[in-house]
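# Architecture at a glance
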Amino acid sequence: MKLKGWILAGAVATAVACSSKKDASTADSTSSASTTTPADSGAAASSSASTSPGGTSDANILAQESDGDSAEVVIGGYARTHASDPQVKAYGKLLVDDHGKGKREVASLAKKLSITPVPAADDTASQETAHTMDHLTALKGYDFDTAFVKHEIVDHQTDIADAQKAAAAAQNPQVKSLVEKSLPELKKHLDRAQALDKKLSAKKG
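In what follows, the accompanying structure is described. (Residues numbered from 1 in each chain as written. Predicted model: local features only at pLDDT ≥ 70, side-chain atom pairs only at ≥ 80, totals over all residues. Heavy atoms only, no water.)

## A closer look at helix α4 (residues 58–82)
Between the first and last C-alpha of α4 there are 36 Å, a value that for 25 residues agrees with the 36 Å anticipated at 1.5 Å per step. The buried fraction of α4 is high, at 21 of 25 residues. (Helix = DSSP H or I, 4+ residues; strand = E, 2+ residues; numbered from the N terminus. Expected span 1.5 Å × (residues − 1). Buried < 20%, exposed > 50% of the residue type's maximum accessible area, 1.4 Å probe, protein only.)

Take a look at the structure:
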């Protein structure tokens, strides 16, 4: 069943950002990931100004991490309730659990460092996630399972490459450590998706 536009908009506004962590995020995720008050604005502005030679700031990196996690929680949550294969459902739950934890860790670090996560200027996060959800929610059964798993393979391959770039670009050592910490988990998710893809392909045959 295809979600109506206003439902998708609501999902994106509350917990979605880019399904791949390519650029960064929505303004909603930016505000939810930060607890900086007006009184802290000076410190936040100072911390957020730390930028790598390539032009990516720690604020951009934290937004990228948070919004990628948000997208996986939304997409994985849908798969958990709509997939037909029990193992695909379980994979959806894994994404919700792991990326939900990841999002909380990003928010905690952003608060600790007084950094307000800010999306990159060329961010297309919400549009990409909305497109993905629009596609997936139009599918059912085996078609949904295979499309979801193939999306996660491509998404996590991109996530891993982007996380490696972000770790190299990070100026604050704690931001760098946070991103590096996410890599083994992203690789675990990729391996799981690839195994599911093989299983589903064999099932079809």
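Next comes the rest of the account.
## Looking at the pattern of salt bridges
Applying the stated criterion across every chain, the model contains seven salt bridges. With a closest N to O distance of 2.6 Å, lysine 199 and aspartate 85 form a salt bridge. A residue pair is termed long-range when its members are at least 10 positions apart, and lysine 199 in helix α8 (residues 173–204) and aspartate 85 in the loop between α4 and α5 (86–113) qualify at 114 residues. Residue glutamate 105 is joined to lysine 181 by a salt bridge in which the shortest nitrogen-to-oxygen separation is 3.2 Å. In this pair, glutamate 105 is assigned in helix α5 and lysine 181 in helix α8, connecting sequence segments 76 residues apart. For lysine 181, a relative accessible area of 54% translates into the label exposed. Among the charged side chains, a network of salt bridges with common partners joins Asp85, Lys199 and Lys203. (Salt bridge = Lys/Arg side-chain N within 4 Å of Asp/Glu carboxyl O.)

## Concerning the packing of α4 against α5
Two elements in contact, α4 and α5, have axes whose closest approach is 7 Å; the angle formed by their N-to-C orientations is 155°. As summarised for this structure, α4 and α5 are arranged roughly antiparallel, according to the angle between their axes. Along this stretch, α4 crosses α5, giving a crossing that reads as left-handed. (Axes fitted to C-alpha atoms, helices over the stretch in contact; angles between N-to-C directions. Parallel < 35°, antiparallel > 145°, perpendicular 65-115°, else oblique. Left-handed = near helix turned anticlockwise from the far one by under 90°.)

## Overview of the nonpolar core
One finds Leu62, Phe148 and Val149 to be the most contacted residues of the largest nonpolar core, which totals 39 residues. At the level of elements, α4, α5, α6 (125–136), α7 (141–169) and α8 are the ones that each hand at least two residues to this core. (Core = buried A, V, L, I, M, F, W, Y, C linked by side-chain atoms within 4.5 Å.)

## Here's the deal with the environment of lysine 165
Along the chain, the position of lysine 165 falls in helix α7. Sequence separation between lysine 165 and threonine 56 is 109 residues, and the spatial gap between their C-alpha atoms is 9.9 Å.

## Here we look at the side chain of serine 57
Mapped onto the secondary structure, serine 57 falls in the loop between α3 (41–48) and α4. Relative accessible area serves as the criterion here: at 7%, serine 57 is assigned to the buried category. A polar side-chain atom of serine 57 sits 3.0 Å from the main-chain amide nitrogen of asparagine 60. (Polar contact = N/O pair within 3.5 Å; in protein donor to acceptor, adjacent residues only side chain to side chain.)

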